[in-house]
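Structural features, examined
In case you want the letters, here they are:
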Amino acid sequence: MYVVKSPLSDASLKTVSEALQGALVDLVDLALVAKQIHWNVVGPRFRSVHLQLDEVVDIARKYSDTVAERAAALGIPPDGRAATVAVGSGIGVTPEGWVDDMTAVRTLVEALGAVIARMRGRVEATGEPDPVSQDIFIGITADLEKHHWMFQAENG
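- As recorded in an unreviewed UniProt entry, the protein goes by Starvation-induced DNA protecting protein and comes from Streptomyces azureus.
- Its UniProt record, at the heading Sequence similarities (unreviewed entry), says of the protein: "Belongs to the Dps family."

Okay, here's the thing in structure tokens:
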């Protein structure tokens, strides 16, 4: 079987591998959380929150693909399986059933905050061993922080 070889040292590859896999798990879960709330949000701000949630889903899915492909390019097999996501995500439990718009926004603020904190750690961890992956994490963090700000502004 052909195996992709990384240009990184074994030590660097271990650090970068953990960062990329962790990011993939968080982004897959963020997309799932945002979509779950998207389907169940109710309240006077239903439409605006509903549409804003889809923006988060789109960005999380886009970046999960970017992260998975970066991992593959370095010879790291990405793992986005449901069981892997369930045990590795840094996002808390999502409410089930109907979710009022205030709770929906608060849940997204918390989920985004958790992912952003972990992404910032990945930015730091990958600076020395792989600036290319670090650059990806910087872009992801910037976009997630924008959505974090927008959701925070929703609830004032």
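Here the narrative resumes.
Focus on helix H5 (residues 131–155)
- The first and last C-alpha atoms of H5 sit 36 Å apart over 25 residues, in line with the 36 Å expected at 1.5 Å per residue.
- Of the residues making up H5, those classed as buried are Ser-133, Gln-134, Ile-136, Phe-137, Ile-140, Thr-141, Leu-144, His-147, His-148 and Phe-151.
- Where H5 is buried, its residues touch helix H1 (10–40), helix H2 (46–73) and helix H4 (101–126).
- Phi turns positive one or two residues past the end of H5, at Gly-156, with a value near 65°.

Some words on the UniProt feature "domain: Ferritin/DPS" (unreviewed entry) in the protein
- Annotation from UniProt places "domain: Ferritin/DPS" (unreviewed entry) at residues 18–153.
- Its end C-alpha atoms 33 Å apart, residues 18–153 is made of 79% helix and 3% strand.

Digging into the packing of H4 against H5
- Following both chains from N to C, one finds H4 and H5 inclined at 160°, their axes separated by 8 Å at the closest point. As summarised for this structure, H4 and H5 are arranged roughly antiparallel, according to the angle between their axes. Considering how the two elements wind past one another, H4 and H5 form a crossing that is left-handed.
- Tallied by class, residues from the contact of H4 with H5 come to 15 nonpolar, 9 polar and 5 charged.

Side note on the pattern of salt bridges
- Using the criterion set out here, one finds 9 salt bridges in the structure.
- A salt bridge links Asp-54 to Lys-35, with the nearest nitrogen and oxygen atoms 2.7 Å apart. Here Asp-54, found in helix H2, pairs with Lys-35, found in helix H1; they are 19 residues apart in sequence, far enough to count as distant.
- Judged by relative accessible area, which is 15%, Lys-35 ranks as buried.
- Across the pair Glu-145 and Arg-120 runs a salt bridge, and its minimum N-O distance is 2.8 Å.

Each value, and the rule that gives it
Residues numbered from 1 in each chain as written. Predicted model: local features only at pLDDT ≥ 70, side-chain atom pairs only at ≥ 80, totals over all residues. Heavy atoms only, no water. UniProt positions renumbered as here; feature names shortened; annotations may be inferred. Helix = DSSP H or I, 4+ residues; strand = E, 2+ residues; numbered from the N terminus. Expected span 1.5 Å × (residues − 1). Buried < 20%, exposed > 50% of the residue type's maximum accessible area, 1.4 Å probe, protein only. Contact = heavy atoms within 4.5 Å. Axes fitted to C-alpha atoms, helices over the stretch in contact; angles between N-to-C directions. Parallel < 35°, antiparallel > 145°, perpendicular 65-115°, else oblique. Left-handed = near helix turned anticlockwise from the far one by under 90°. Nonpolar A, V, L, I, M, F, W, Y, C, P; charged D, E, K, R; others polar. Salt bridge = Lys/Arg side-chain N within 4 Å of Asp/Glu carboxyl O.

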